[in-house]
Amino acid sequence: MTSKTASPIIVALDFPTTQAAYSLVDQLDPAQCRLKVGKELFALGGPELVIALQQRGFDIFVDLKYHDIPTTVAKACRALCDMGVWMLNVHSLGGPKMITAAREAIIASGHPTWLIAVTILTSFDEQQLNAVGLSGSIADNVNRLAKLAESAGAHGVVCSALEAPMLRQQINNSDFQLVTPGIRLKDSAADDQHRIMTPEDAMQAGANYLVIGRPITQANDPLTVLTQINQQLQMA
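Residues numbered from 1 in each chain as written. Predicted model: local features only at pLDDT ≥ 70, side-chain atom pairs only at ≥ 80, totals over all residues. Heavy atoms only, no water.

- Going by what an unreviewed UniProt entry lists, the chain is known as Orotidine 5'-phosphate decarboxylase and is assigned to Thiomicrospira aerophila AL3.
- Turning to the chain, the UniProt record has this under Catalytic activity (unreviewed entry): "orotidine 5'-phosphate + H(+) = UMP + CO2". (UniProt positions renumbered as here; feature names shortened; annotations may be inferred.)

1. Regarding the overall build of the chain
Next up, step 1: A tally of regular secondary structure across the chain gives ten helices and eight strands.
Next up, step 2: Over its C-alpha trace the chain gives a radius of gyration of 17 Å, about what one expects of a compact globule, namely 18 Å for 236 residues.
Next up, step 3: Viewed in the frame of its principal axes, the chain has a C-alpha envelope of about 45 × 35 × 35 Å.
Next up, step 4: Each of the 236 residues in the chain was classed as buried or not, and the buried ones make up 53%.
Next up, step 5: When contacts within the chain are restricted to residue pairs at least 6 apart in sequence, those whose partners lie at least 24 apart make up 69%.
Next up, step 6: Just so you have it, the chain exposes about 10,500 Å², and 50% of that area is on carbon and sulfur atoms.
Next up, step 7: Between the mean site of the 17 positive side-chain charges and the mean site of the 22 negative ones, the chain shows a separation of 6 Å. (Helix = DSSP H or I, 4+ residues; strand = E, 2+ residues; numbered from the N terminus. Rg over C-alpha atoms; globule rule 2.2 N^0.38 Å. Buried < 20%, exposed > 50% of the residue type's maximum accessible area, 1.4 Å probe, protein only. Contact = heavy atoms within 4.5 Å. Areas by Shrake-Rupley, 256 points an atom, 1.4 Å probe, with all protein chains shown as cover. Lys, Arg positive; Asp, Glu negative; His and termini not counted. Charge placed at Lys NZ, Arg CZ, Asp CG, Glu CD.)

2. Focus: the environment of Ala105
Next up, step 1: Structurally, the position occupied by Ala105 is in helix α4 (residues 96-109).
Next up, step 2: For Ala105, a relative accessible area of 11% corresponds to the buried category.
Next up, step 3: As for Ala105 and Arg78, which are separated by 27 residues in sequence, their C-alpha atoms are 5.5 Å apart.
Next up, step 4: Apart from the residues lying within four places of it in its own chain, the contact partners of Ala105 are Ala74 and Arg78.

3. Observations regarding the packing of aromatic side chains
Next up, step 1: A complete count under the given rule lists three aromatic pairs for this structure.
Next up, step 2: Summarising the aromatic geometry, the rings of Trp86 and Trp114 are spaced 6.0 Å apart at their centres and angled 35 degrees between planes, so their arrangement reads as tilted. One end of the pair, Trp86, is in the loop between α3 (70-83) and β4 (87-91); the other, Trp114, is in strand β5 (residues 114-118), with 28 residues separating them in the sequence.
Next up, step 3: Residue Trp86 is classed as buried on the basis of its relative accessible area of 3%.
Next up, step 4: Residues Trp114 and Tyr209 carry aromatic rings whose centres are separated by 6.0 Å and whose planes lie at 65 degrees to one another, so their mutual orientation is edge-to-face. On the criterion of sequence distance, the pair formed by Trp114 in strand β5 and Tyr209 in strand β8 (residues 209-212) is long-range, its members being 95 residues apart.
Next up, step 5: Tyr209 sits in the buried class, given a relative accessible area of 10%.
Next up, step 6: Among the aromatic residues, those joined into a cluster by ring pairs are Trp86, Trp114 and Tyr209.
Next up, step 7: Its end group placed over the ring of Trp86, Arg34 keeps NZ or CZ at 4.5 Å from the ring centre. (Phe/Tyr/Trp six-rings, centres within 6.5 Å; stacked < 30°, edge-to-face > 60°. Lys NZ or Arg CZ within 6 Å of the ring centre and 35° of its normal.)

4. Here's the deal with the UniProt feature "active site" (unreviewed entry) in the chain
Next up, step 1: In this structure's numbering, the residues bearing the UniProt feature "active site" (unreviewed entry) are Asp63, Lys65 and Asp68.
Next up, step 2: Relative to the elements of secondary structure, Asp63 occurs in strand β3 (residues 60-66).
Next up, step 3: Not counting chain neighbours up to four residues away, the residues in contact with Asp63 comprise Lys36, Val37, Gly38, Lys39 and Asn89.
Next up, step 4: Reaching out from Asp63, the side chain makes a polar contact with the side chain of Lys36 at a distance of 3.0 Å.
Next up, step 5: Its place among the elements puts Lys65 in strand β3.
Next up, step 6: Dropping the residues within four chain positions of it, Lys65 is found in contact with Lys39, Asn89, Val90, His91, Val118 and Leu121. (Polar contact = N/O pair within 3.5 Å; in protein donor to acceptor, adjacent residues only side chain to side chain.)

5. A look at the sheet that holds strand β2 (residues 34-37)
Next up, step 1: Spatially, β1-β2-β3-β4-β5-β6-β7-β8 is the arrangement adopted by the eight strands of the closed barrel, whose pairing is parallel. Direction aside, the axes of adjacent strands within the sheet are offset by 25 degrees on average.
Next up, step 2: Across three bridges, strand β1 (residues 9-12) lies against β8 in parallel orientation. Note on β8: the bridge partner recorded for Ile10 is Val211. (Pairing = 2+ DSSP bridges. Axes fitted to C-alpha atoms, helices over the stretch in contact; angles between N-to-C directions.)

6. Some words on the pattern of salt bridges
Next up, step 1: On inspection of all chains with the given rule, the structure shows six salt bridges.
Next up, step 2: Of the charged contacts, one joins Asp59 and Arg34 as a salt bridge, the two residues approaching to 3.5 Å between their closest N and O atoms. Here the residue Asp59 occupies a position in the loop between α2 (39-55) and β3, and Arg34 occupies one in strand β2, the gap between them amounting to 25 residues.
Next up, step 3: Residue class for Asp59 comes out buried when judged on its relative accessible area of 4%. (Salt bridge = Lys/Arg side-chain N within 4 Å of Asp/Glu carboxyl O.)

7. Description of the packing of helix α1 (residues 18-25) against α2
Next up, step 1: Where α1 contacts α2, the axes come no closer than 10 Å and their chain directions differ by 35 degrees. Crossing of α1 over α2 shows right-handed handedness. Along its contact with α1, which presents Thr18, Ala21, Tyr22 and Val25, the element α2 presents Leu41, Leu44, Gly45, Glu48, Leu49, Ala52 and Leu53.
Next up, step 2: Across the contact of α1 with α2, the residue classes break down as eight nonpolar, two polar and one charged. (Left-handed = near helix turned anticlockwise from the far one by under 90°. Nonpolar A, V, L, I, M, F, W, Y, C, P; charged D, E, K, R; others polar.)

Have a look at this one:
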């Protein structure tokens, strides 16, 4: 897909109203970032919001983490592809058949949408991992699920930047994309994230895209902060 920007930044639009999301977006520049629409905002604004954001010039990552039977996921992915989204995601715990069905739906659509699989949520720590019955460390599970996703046809995974160096060593595919949430500036609070990293460190670790929310969306001047991060990444 021809990109509208060379920036690796994806701004997370985690807002409780569509009006708040539009207000923030109108302060940003599509030449400097892409946008992520998650479950809450998609539930509020639906396809119309995604289309409106695309009409403003932005590439859109629809972050719904599909996890269902293969046929259902394939149909949902096809609908997003036909909407023209730049990137969508599924949950790798849905298994290889589901991921493959999603990739086949994307191919059949004729659209160059990227399929990304979620490994282990960045809000998870070892205690929560054990609570859901997954044995081994977070790194072990991220590695296993990323390899599963790659072999099933995903273009990349969502992972913590802390796991990026490991995945770059373990997955022999230079085109495999690592999308990293949990990005915080040096002076930002961690909030509900456990496995976090600064933008510069994340890129050096091997990330392709950085999902950044509060440090930009809650800034007094979001565009200035966005511009500064892009400039810092260019100098790193």
